[in-house]
There are 2 protein chains.
Amino acid sequence: MSQTKRLGGQTVEFITRPTILGCGVVVGPKEAEGPLGEDFTCAETDPMLGQDSWEKAESMLFTKAVSECLKKSALSPGDVNYMIAGDLLNQCTASSFGLRTLGVPYLGIYGACSTMAEGLSIGAMLVDGGYASKVIAAAGSHFCSAEKQYRFPLEYGGQRPPGAQWTVTGCGAAAIGYGGNIKITHTTTGRIEDMGIRDANNMGAAMAPAFVSTVKAHFADTGRTPNDYDLIVSGDLGAVGREIAAELLDKEGFAFGDNYKDCGMMIFDSKKQDTHAGGSGCGCSASVLCGHILPKMEQKKISRLLFIATGALLSPTTTLQGESIPAIAHAVSMEI
Amino acid sequence: MSQTKRLGGQTVEFITRPTILGCGVVVGPKEAEGPLGEDFTCAETDPMLGQDSWEKAESMLFTKAVSECLKKSALSPGDVNYMIAGDLLNQCTASSFGLRTLGVPYLGIYGACSTMAEGLSIGAMLVDGGYASKVIAAAGSHFCSAEKQYRFPLEYGGQRPPGAQWTVTGCGAAAIGYGGNIKITHTTTGRIEDMGIRDANNMGAAMAPAFVSTVKAHFADTGRTPNDYDLIVSGDLGAVGREIAAELLDKEGFAFGDNYKDCGMMIFDSKKQDTHAGGSGCGCSASVLCGHILPKMEQKKISRLLFIATGALLSPTTTLQGESIPAIAHAVSMEI
């Protein structure tokens, strides 16, 4: 094991191994009807969460998920040194409005759908470095506010092409500190990759090269191989992006087998639920990680995890201006 | 001096004292005509920066400021472990698009106009903690893209109330590592404060309580007093916010004297330049810090600085939905 924390390249190895103290996750009704529904113990039956706008509903997802995370971690807000959060809404208001009464020092982040991995990475560094004893990282999204902001108002009933993904209504929050069972061992911070994809309805294709870039960096930096992980999970490449990623990985000589899954394909049954290429949004990987994967690790059903959340860094304006879609992916390794 | 890095409360003290290695700053023509014009050696004469949209011009501000920062710091992109950047455009595209070809591991952040201080805080922790040897923090904004996104298209010629602020066209970037003259000694991370202000044309009033909250935390955590600093500078409270802040500080028993200034009031001559309450935007405090204050520190004209950038965490949607304006302020102490 390296004696320095920084392994070189894009990866940090944590010698003190910060742990996950507890998680909170809140999802919408469609996510609760999906294949992971049983794992989502905090599912809302009302997609408005009792609010009068989709944006306020999305903020409420954050309020509830962080509250649940505090409860599960046996923490009060005063115990938490930093709240690190972000979302897809303009000016990251879902997270900042949803968490504005918490009273915890706040670091807003933006990595599109890679936000949860970015938050875990920064959070683990702040704990390992001694700047914090407890940190909460959170990320979320809401289908209806995302459709309104990025595509069309729901009432318009826009048709979606087969490669399109379905923004997850959900928020995941994880508390980081010492004393838990799941140890954070490495983080690999991604570089922005832009391969010239211009179709905002095909974000999987835009994100796949960023995913592969971070995978390559992670294995080169750590000397590990895909077989060292029980589960390698991408954030929300979806069916299209996953296929492209598999092809690119194959060319690079990485043999990903049955231990590779995609959160976007896990959370919905695309055929039954009409979600096309799968789930997406900050809340996709955050909900699957906090609601499904980390509990499975606590139950010792998964021992070594590589979580790689991917983000498409576009905006509706850049798309209208004919720009291509830069993307990024951040990886976090955890083990029991 | 504390032997632990974390002082308690919201403040971290850096024992290893990461330093500023060099800065880059690019501003627009109006900023170059202002009181600090002589300090802005990289002023653009064309507010479009040769691009075909305001958004692309804003991205170009980032490209140029970071390039200048690398040059001044005698670094190549391969020397930099993390790029930490953010802006006001939807989905933070000015920074991510402007820096997408840099090839540096990228952490996107969002703190509205507090972004530069957030980036410096995280950057200093990553260097002090041994996760990076070099980090660049950058923040920027563009008047025209901000007007288009937050208010009205320029062609509309909207009238601005006296309390309104003028978004700075500019970007500042600072490289952090060891070996420079300006030492980063403390960072105080702000909490979100929302005192119920709903007027999006009066962001100074919304941000003043966040500023005061972070000021109180900083002095309580460090045991310092305002007299310990040669210069205490707020990000962009502007004339209205500064007056409110002064009143609130007075009530709290803090005697801020001539050593307290506001970047928003420094960058423009409001009367001559018709900028109403002063400058604002991520680029305001970033440009004034990187173009004016840090060079003055290098020249030993300022020895001890408390830089407190303030951010209003609103969006046009939250304003239309009648929401109040949460705000945040982050502080960074530096000394020669």
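In this text, all values refer to a predicted model and were calculated from it rather than measured experimentally.

## Focus: the overall build of chain A
For chain A, the count of helices and strands is 11 helices and 14 strands. Against the globule reference of 20 Å for 336 residues, chain A gives a C-alpha radius of gyration of 18 Å, in line with a compact fold. Dimensions along the principal axes, computed over C-alpha positions, put chain A at roughly 55 × 50 × 35 Å. Here chain A holds 336 residues, and the buried ones make up 65% of them. Pairs at least 24 apart in sequence give 78% of the contacts found in chain A among residues at least 6 apart.

## What about the interface of chain A and chain B?
Contacts between the two partners involve 57 residues from chain A, matched on the other side by 57 residues from chain B. In total, chain A and chain B occlude about 4,700 Å² of area from one another, counting both sides; carbon and sulfur atoms represent 58% of this. Remark: the boundary between chain A and chain B carries four salt bridges. Residue A:Asp194 pairs with B:Arg100 through a salt bridge whose shortest N-O separation is 2.5 Å. Between chain A and chain B we count 28 residue pairs in polar contact (both at pLDDT 80 or more) in total. Considering every element that reaches the side of chain A that touches chain B, the biggest residue donor is helix α4 (residues 115–128) of chain A, with five residues. Partitioned by chemical class, the residues of the side of chain A that touches chain B number 26 nonpolar, 20 polar and 11 charged.

## Some thoughts on the relation of the copies chain A and chain B
Relative to chain B, chain A is turned by 180 degrees and slid 0.0 Å along the rotation axis, the superposed coordinates differing by an RMSD of 0.0 Å. The superposition of one copy onto the other is thereby described by a two-fold rotation axis. Closest approach to the rotation axis among the C-alpha atoms of chain A is made by A:Ile109, whose C-alpha sits 2.0 Å away. Of all interface residues in chain A, 100% are interface residues in chain B too; the two copies therefore contact each other through one and the same surface.

## Here's the deal with the nonpolar core
Ranked by size, the top nonpolar core spans 175 residues in total, and within it A:Leu120, A:Met334, B:Leu120 and B:Met334 carry the most contacts. For A:Met334, the contacting residues outside a window of four places in its chain are A:Ile20, A:Leu120, A:Ile182, A:Lys183, A:Ile184, A:Thr185, A:Leu289, A:Leu294, A:Met297, A:Ser303, A:Arg304 and A:Leu305.

## Notes on the packing of helix α4 (residues 115–128) of chain B against helix α10 (residues 282–298) of chain B
All names here are of chain B. Across the interface, α4 lies against α10 with an axial gap of 7 Å and an inter-helix angle of 60 degrees. With respect to each other, α4 and α10 are oriented oblique. From α4, Thr 115, Met 116 and Leu 120 reach across to α10, where they touch Cys 282, Ser 285, Ala 286, Leu 289 and Cys 290. Of the residues contributing to the contact of α4 with α10, the split by class is six nonpolar, two polar and no charged.

## Focus: the pattern of salt bridges
Throughout the structure, instances matching the rule amount to 28 salt bridges over all chains. Taking the shortest distance from any N to any O, the salt bridge between B:Lys296 and B:Asp39 comes out at 3.9 Å. Of this pair, B:Lys296 sits in helix α10 while B:Asp39 is found in the loop between α1 (29–32) and α2 (54–72), placing the two residues 257 residues apart along the sequence. When its relative accessible area of 25% is taken as the criterion, B:Asp39 is described as partly exposed. Here B:Glu68 ties to B:Lys72 by a salt bridge, and the two come within 3.0 Å at their closest N and O atoms. Of this pair, B:Glu68 and B:Lys72 are both found in helix α2, four residues apart, which corresponds to roughly one turn of the helix. Ionic contacts of the salt-bridge type, sharing partners, join the residues A:Arg17, A:Arg224, A:Arg304 and A:Glu335 into one network.

## Here we look at the side chain of B:Ser96
Here B:Ser96 shows up in helix α3 (residues 93–98). Polar side-chain contacts of B:Ser96 include one of 3.1 Å to the backbone oxygen of B:Cys92.

## Examining unusual backbone geometry
Residue and element names in this part refer to chain A. At Leu 49, a residue that is not glycine, the phi angle is positive and equals roughly 50 degrees. Here Leu 49 lies in the loop between α1 (29–32) and α2 (54–72). The phi dihedral of Asp 274 falls on the positive side, at around 55 degrees, and the residue is not glycine. Within the secondary structure, Asp 274 sits in the loop between α9 (270–273) and β12 (279–280).

## As for the packing of aromatic side chains
All told, the structure shown has 16 aromatic pairs over all chains when counted by the stated rule. Centroid distance B:Phe211 to B:Tyr260: 5.6 Å. Interplanar angle 20 degrees. Geometry classified as stacked. You can see B:Phe211 sitting in helix α6 (residues 203–222) and its partner B:Tyr260 sitting in strand β11 (residues 260–262), a full 49 residues away along the chain. The same class applies to B:Phe211 and to B:Tyr260, which are both buried. Through pairs of rings, three or more aromatic residues link up here, namely A:Phe211, A:Phe219, A:Tyr229, A:Phe254, A:Phe256 and A:Tyr260. In this arrangement the basic side chain of A:Lys30 is found over the ring face of A:Trp166, its NZ or CZ atom lying 4.2 Å from the centre.

## Quick word on α10(B)
Residue and element names in this part refer to chain B. With 17 residues, α10 extends 23 Å from end C-alpha to end C-alpha; this agrees with the ideal 24 Å at 1.5 Å per step. With respect to burial, α10 is a largely interior element, 14 of its 17 residues being buried. Positive backbone phi, approximately 60 degrees, marks Lys 300, located one or two places after α10.

## Examining the confidence of the model for chain A
With 99% of its residues at a pLDDT of 70 or more, chain A shows a mean pLDDT of 96. If you check the scores for this complex, the pTM reads 0.98 and the ipTM reads 0.98.

## With respect to α2(B)
Helical geometry note: an α-helix holds 3.6 residues per turn, so side chains three or four residues apart project in the same direction. Residue and element names in this part refer to chain B. Taking 1.5 Å per residue as the helical rise, α2 with its 19 residues ought to reach 27 Å, and the 27 Å between its terminal C-alpha atoms agrees with that figure. The set of residues buried in α2 consists of Glu 55, Lys 56, Ala 57, Glu 58, Ser 59, Leu 61, Phe 62, Ala 65, Val 66, Glu 68, Cys 69 and Leu 70. In the segment just after α2, Ala 74 is the residue with positive phi, at about 55 degrees.

## Brief notes about the packing of helix α6 (residues 203–222) of chain A against helix α7 (residues 238–251) of chain A
When two helices pack together, their arrangement is captured by the angle between the axes and the distance separating the axes. Residue and element names in this part refer to chain A. Relative orientation of the contacting elements α6 and α7 amounts to 40 degrees, with a least axis distance of 8 Å. Both α6 and α7 take part in a crossing whose hand is right-handed. Here Gly 204, Ala 205, Ala 208, Pro 209, Phe 211, Val 212 and Val 215 of α6 lie close against α7, whose contacting residues are Gly 241, Ile 244, Ala 245, Leu 248 and Leu 249. For the contact of α6 with α7, the per-class residue count stands at 10 nonpolar, two polar and no charged.

## Some details on the pairing of strand β13 (residues 304–312) of chain B
Residues and elements named next belong to chain B. The buried count for β13 comes to eight of nine residues, which makes it a mostly enclosed element. Note that β13 and strand β14 (residues 327–335) share nine bridges and pair antiparallel. Its bridge partner lying in β14, Leu 306 is registered against Ser 333.

## A short note on the environment of A:Leu99
Structurally, A:Leu99 is set in the loop between α3 (93–98) and β5 (106–108). Separated by 203 residues in sequence, A:Leu99 and A:Ile302 place their C-alpha atoms 31 Å apart. Residues in contact with A:Leu99, not counting those within four places in the same chain, are A:Phe62, A:Thr63, A:Val66, A:Met83, A:Ala85, A:Tyr106 and B:Ile192.

About the criteria used
- Residues numbered from 1 in each chain as written.
- Chains lettered and ligands numbered in written order.
- Predicted model: local features only at pLDDT ≥ 70, side-chain atom pairs only at ≥ 80, totals over all residues.
- Heavy atoms only, no water.
- Helix = DSSP H or I, 4+ residues; strand = E, 2+ residues; numbered from the N terminus.
- Rg over C-alpha atoms; globule rule 2.2 N^0.38 Å.
- Buried < 20%, exposed > 50% of the residue type's maximum accessible area, 1.4 Å probe, protein only.
- Contact = heavy atoms within 4.5 Å.
- Buried area = accessible area lost by both parts, 1.4 Å probe.
- Salt bridge = Lys/Arg side-chain N within 4 Å of Asp/Glu carboxyl O.
- Polar contact = N/O pair within 3.5 Å; in protein donor to acceptor, adjacent residues only side chain to side chain.
- Nonpolar A, V, L, I, M, F, W, Y, C, P; charged D, E, K, R; others polar.
- Least-squares fit on C-alpha atoms with pLDDT ≥ 70 in both.
- Core = buried A, V, L, I, M, F, W, Y, C linked by side-chain atoms within 4.5 Å.
- Axes fitted to C-alpha atoms, helices over the stretch in contact; angles between N-to-C directions.
- Parallel < 35°, antiparallel > 145°, perpendicular 65-115°, else oblique.
- Phe/Tyr/Trp six-rings, centres within 6.5 Å; stacked < 30°, edge-to-face > 60°.
- Lys NZ or Arg CZ within 6 Å of the ring centre and 35° of its normal.
- Expected span 1.5 Å × (residues − 1).
- pLDDT = per-residue confidence, 0-100.
- Left-handed = near helix turned anticlockwise from the far one by under 90°.
- Pairing = 2+ DSSP bridges.

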